[in-house]
Amino acid sequence: MSEAVKYVLEASELHKWFGNVHAVNNVSLKLSRGEILSIVGPNGAGKTTLLNLLSGIVKPDKGRVYVYLNGDRKDITGRSPYYITFLGVGRSFQIPNIFDGLTVRDNIRLSILTYRRLINRFNRAYSSFNDVEEEVEKIIEIFSLEDSEYRYGRELSHGERKKLDIALSFAQQPNILLLDEPTSGLTYSEKLEMVELIRSLRREREVSFIVVEHDLDVVREVSDMLMVMHEGSVLAYDEPDEVVKMSEVISAYLGGEVI
Amino acid sequence: MMFKIDNELYSLITLFIFLAVIPQFLSIYNVRLLSVGLLYGLAAVGFNLLYGYTGLLSFGHAMFWSAGAYGLAIGLVKLNLDPLMSILLAFTLTFTVAIVTGYLSLRHTEIYFAMLTLAFAQLIYALIIKLRDITGGDEGIYGIPRFPSDIGGYYYLIYIIVFILVILAWWIVRTPLGLGFQAVRDNPYRAEALGLDVRRVRLISFVLSGFYLSIAGMLYAPLNRAITPDIAFWTFSAIIVIMTIIGGSKNVLGAFIGGLIFIYINTQAMNLTEFWQLTLGIILALLVYLAPYGIVGIFERVLRYVRGG
Ligand SMILES: Nc1ncnc2c1ncn2[C@@H]1O[C@H](COP(=O)(O)OP(=O)(O)O)[C@@H](O)[C@H]1O
Ligand SMILES: [Mg+2]
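Conventions used here
- Residues numbered from 1 in each chain as written.
- Chains lettered and ligands numbered in written order.
- Predicted model: local features only at pLDDT ≥ 70, side-chain atom pairs only at ≥ 80, totals over all residues.
- Heavy atoms only, no water.
- Contact = heavy atoms within 4.5 Å.
- Salt bridge = Lys/Arg side-chain N within 4 Å of Asp/Glu carboxyl O.
- Polar contact = N/O pair within 3.5 Å; in protein donor to acceptor, adjacent residues only side chain to side chain.
- Helix = DSSP H or I, 4+ residues; strand = E, 2+ residues; numbered from the N terminus.
- Buried < 20%, exposed > 50% of the residue type's maximum accessible area, 1.4 Å probe, protein only.
- Pairing = 2+ DSSP bridges.
- Right-handed = clockwise from strand over helix to strand, strands pointing away.
- Donors = N, O, S within 2.8 Å, 3.2 Å for Na, K, Ca; no water.

Draft legend 1. Region of interest: the interface of chain B and chain A. Contacts between chain B and chain A engage 26 residues on the former and 31 residues on the latter. The tally of links from chain B across to chain A stands at one salt bridge. Taking the shortest distance from any N to any O, the salt bridge between Arg 190 of chain B and Asp 165 of chain A comes out at 2.7 Å. At the junction of chain B and chain A, the tally comes to 11 residue pairs in polar contact (both at pLDDT 80 or more). Going through the elements one at a time, α8 (176-186), α9 (188-193) and α10 (198-224) of chain B are the ones with two or more residues in the side of chain B that touches chain A. No other element matches the eight residues that α8 of chain B contributes to the side of chain B that touches chain A.

Below you can see the structure in the form of structure tokens.
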């Protein structure tokens, strides 16, 4: 495979400061099609900030971000989240980020209507809902949200909110999903379900993932590549088995918190 | 299939059937009062598209009511235009005010947005006072023609337009655009991350909301036969906010009821006490604490209790 076909996302030498805090310090990565890259690291390591840089929510102070589109490498550094979303990069949030005053169904509808740019097409106000109905059903099914589809966002459990958050991004048919701690706060069985979900999305839609994750079992279960971050820097970036071999070094360094 | 008749629509239609019949049993004075009630209801519904549905508190919506009322009155009385041209003038004025103030104030949200809309509205008030030749200054504009000229007939003109616009609002909030309003209200950051053009949705809501107020103002000027600058003063903006909160900002029905009954609360309370503004303040504070969803919210809670829910 040529480079351009193989890769979907690239970051090169990203830096971000918040005042004196060097939140992201010289981070580079390359994500291949269908790859699952996990990022681990203690609180404050810069994982969320890295995802924010990739999805355009935060602008880097230095470095570039690229996506690969039909074989072309496209520089998206500093572009708006809005623009980056339409290039196929979706993301979920550490604290589930949904619409509390809308039902689960309307949450998903909104996501699809936005993606298809049907929100303010007055002339199509009637038909728009019908056009997306089939897709809405599919998303509800994939994420097993049938039991809660008519409940309001504010009425959902933590696990359901997490799922809906990811569903909102996935409904936009992304090539790349950036998931911030998708299993945190979930019960054991919900975690298994989430792992299965990530795998099936990868398998069936060739979605590539960057997953920030605390649970090492989950990481070893799903990842193709593993990155360890600490105080903004990359300590290791390799296949999970290789990283685990280095784990003693790293855990000494991190006080055993992560690995 | 998407726009199922729901309880809110049933309630609205029942209310409007009542409003169609009731004038037959009222004195001219009360039909006139009810006409103002309908226009306040329309104003509250329009205001609530922005406030309850899009999550933006404007403290300057009197400027849209005035743009409609003054636009029409200037056209009819000062420029001697025919009614259609006068309406067109009022709409043009409203659109200009809405786009300019919307563009400038929607860079901000929450209290900053409220303060900016207040500032713009006061600017327009000052303009109305200053541009005496066109607006009549403090004295306002008199002798605005009314058609049909009798209050009873004019009531039904107001009624039809308010009915259409209120049902339209019920419908709008159920379209994809209405979903967009609510998403922006609930979580603008997430909406943006999903690719929604949040500023544009806010601007659409602002302009739409302004047009509702403007049409209410346009119908008000002939009803009253005269307009004075107090319809542009900030206290009227405050009244628009208050009546919406009293009725309930959760839906179209709540806002409409708030506007409809406000004129009665206002006249009753003014008869009862000289400390009306203080009383109003207390009522409002109590409502915000005890019944955040207004009168309609209380009613719903009682219903649920009765049904044993
Ligand atoms: N918006 C912000 N403003 C100021 N400091 C921030 C901001 N976001 C993150 N930080 C700081 O950057 C560092 C990395 O944070 P974060 O990326 O959230 O880490 P992680 O997700 O790995 O826990 C922390 O020290 C945090 O306090
Ligand atoms: Mg984090």
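Draft legend 2. Here's a closer look at the pairing of strand β7 (residues 176-180) of chain A. Residue and element names in this part refer to chain A. Counting buried residues in β7 gives five out of five residues, a clear majority hidden from the surface. Side chains Ile 176, Leu 178 and Asp 180 of β7 all project onto a buried face; the interleaved residues Leu 177 and Leu 179 project onto the opposite face, where all are buried too. By the bridge criterion, three bridges tie strand β6 (residues 89-91) to β7 in an arrangement that is parallel. Residue pairing in the sheet places Arg 91 in a bridge with Leu 178 of β7. Sheet analysis places β7 next to strand β8 (residues 208-212), joined by five bridges and oriented parallel. Within the sheet, the bridge partner assigned to Leu 177 lies in β8 and is Phe 209. Each parallel crossover has a hand, and the one from β7 via helix α7 (residues 188-205) to β8 is right-handed.

Draft legend 3. How the structure looks around the coordination of the magnesium ion (ligand 2). Residue and element names in this part refer to chain A. Thr 48 (OG1) and Gln 94 (OE1) make up the full set of protein donors to the magnesium ion (ligand 2), lying at 2.0 to 2.3 Å. Residue Thr 48 is found in helix α2 (residues 47-55), and its partner Gln 94 is found in the loop between β6 and α4 (104-115); the two are separated by 46 residues along the sequence. Judged by relative accessible area, which is 27%, Thr 48 ranks as partly exposed.

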